[in-house]
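Structural description and commentary
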Amino acid sequence: MDGSIVVVAAEPEQYRTISAILEPNHYRTAILDSLCDLSKNIREGFYHAVILDLDSLPVDNRSIRELRKQNPEVPIIALSSRTFHPELQEALSLYISACLAKPVNPDELIYWLRSICEK
C-alpha cells in the first residue's frame, strides 16, 4: 500500500468517486463527512494526504489554516467545481497543495498524490 488518504466530503457520491480512483492505485481511503473530527483522525492514524471537497463543506481560511497548523506534515488537496474562490485566497495560496477541478481527472489526482507523497 502506498498509504491512506483522508477524504472529507459531505456528498456520498464524492466518496465513491474518489475511492474508485484511489483503491486500484494502492491507496486506502478513510472517509469523513465533516472537518470536526479530522485533526483527531489524522493524529490517530498515518495519512499521506487530505482531500477536501470545497463544494460540500463549510470551509473558510481560518478552518484550513487551523487544520494545517495542527497537522503541518499532511498535505491538503482541494476539489471544486468552481474555478475561483476569492473567499479562500489565503488558504489556496498558503495551505492547500493543489486544487483540482470536478469532475476529478483520475490521472491528475494520482499525479498530485504521488508528487506530494514523494516529498
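Attention in this report is confined to the structure presented alongside it. The structure displayed is predicted, hence computed values, not measured ones.

On to the packing of helix α1 (residues 12-22) against helix α5 (residues 106-118). The N-to-C vectors of α1 and α5 enclose an angle of 70°; their axes lie 10 Å apart at closest approach. In terms of axis orientation, α1 runs roughly perpendicular to α5. Here α1 runs over α5; the crossing is right-handed. On α5, the residues touching I18, I21 and L22 of α1 are P106, L109, I110 and L113.

Our focus in this paragraph is the pairing of strand β4 (residues 76-80). Among the five residues that make up β4, five are buried, leaving the element largely enclosed by the rest of the structure. Of the two faces of β4, the one holding I76, A78 and S80 and the one holding I77 and L79 are both buried throughout. With four bridges joining them, strand β3 (residues 47-53) and β4 adopt parallel strand pairing. Counted as the bridge partner of D53 is L79 from β4. Regarding the hand of the β-α-β motif, the stretch spanning β3, helix α3 (residues 61-70) and β4 is right-handed. Crossover connection from β4 via helix α4 (residues 89-94) to parallel strand β5 (residues 98-101): handedness right-handed.

Glancing now at the pattern of salt bridges. Taken as a whole, this structure holds five salt bridges when the rule is applied. A salt bridge links R16 to E13; the nearest nitrogen and oxygen atoms lie 3.2 Å apart. Placement of both R16 and E13 in helix α1 is noted, with a separation of three residues, approximately one turn of the helix. R65 is the salt-bridge partner of E90, the closest N and O atoms lying 2.7 Å from each other. In this pair, E90 is assigned in helix α4 and R65 in helix α3, connecting sequence segments 25 residues apart. On the basis of relative accessible area, E90 is assigned to the partly exposed category, the value being 27%.

Attention now goes to the nonpolar core. Counting 20 residues, the largest nonpolar core has V6, V8, L38, I42, V50, L52 and I64 as the members making the most contacts within it. Here this core takes three residues from β3, the largest share from any one element. Ignoring any residue separated from it by four or fewer positions in sequence, one finds L52 in contact with V8, L35, L38, L57, I64, L67, I76, I77, A78 and L79. By size, the runner-up hydrophobic cluster in this structure holds 19 residues, among which are V7, Y15, L100 and V104.

Note that the residue after K102, namely P103, is joined by a cis bond; omega there is 0°. As for its placement among the helices and strands, P103 is situated in the loop between β5 and α5. Even without being glycine, H26 reaches a positive phi, approximately 70°. Inspection of the secondary structure assignment puts H26 in the loop between α1 and β2 (27-32).

Rules and cut-offs
Residues numbered from 1 in each chain as written. Predicted model: local features only at pLDDT ≥ 70, side-chain atom pairs only at ≥ 80, totals over all residues. Heavy atoms only, no water. Axes fitted to C-alpha atoms, helices over the stretch in contact; angles between N-to-C directions. Helix = DSSP H or I, 4+ residues; strand = E, 2+ residues; numbered from the N terminus. Parallel < 35°, antiparallel > 145°, perpendicular 65-115°, else oblique. Left-handed = near helix turned anticlockwise from the far one by under 90°. Contact = heavy atoms within 4.5 Å. Buried < 20%, exposed > 50% of the residue type's maximum accessible area, 1.4 Å probe, protein only. Pairing = 2+ DSSP bridges. Right-handed = clockwise from strand over helix to strand, strands pointing away. Salt bridge = Lys/Arg side-chain N within 4 Å of Asp/Glu carboxyl O. Core = buried A, V, L, I, M, F, W, Y, C linked by side-chain atoms within 4.5 Å.

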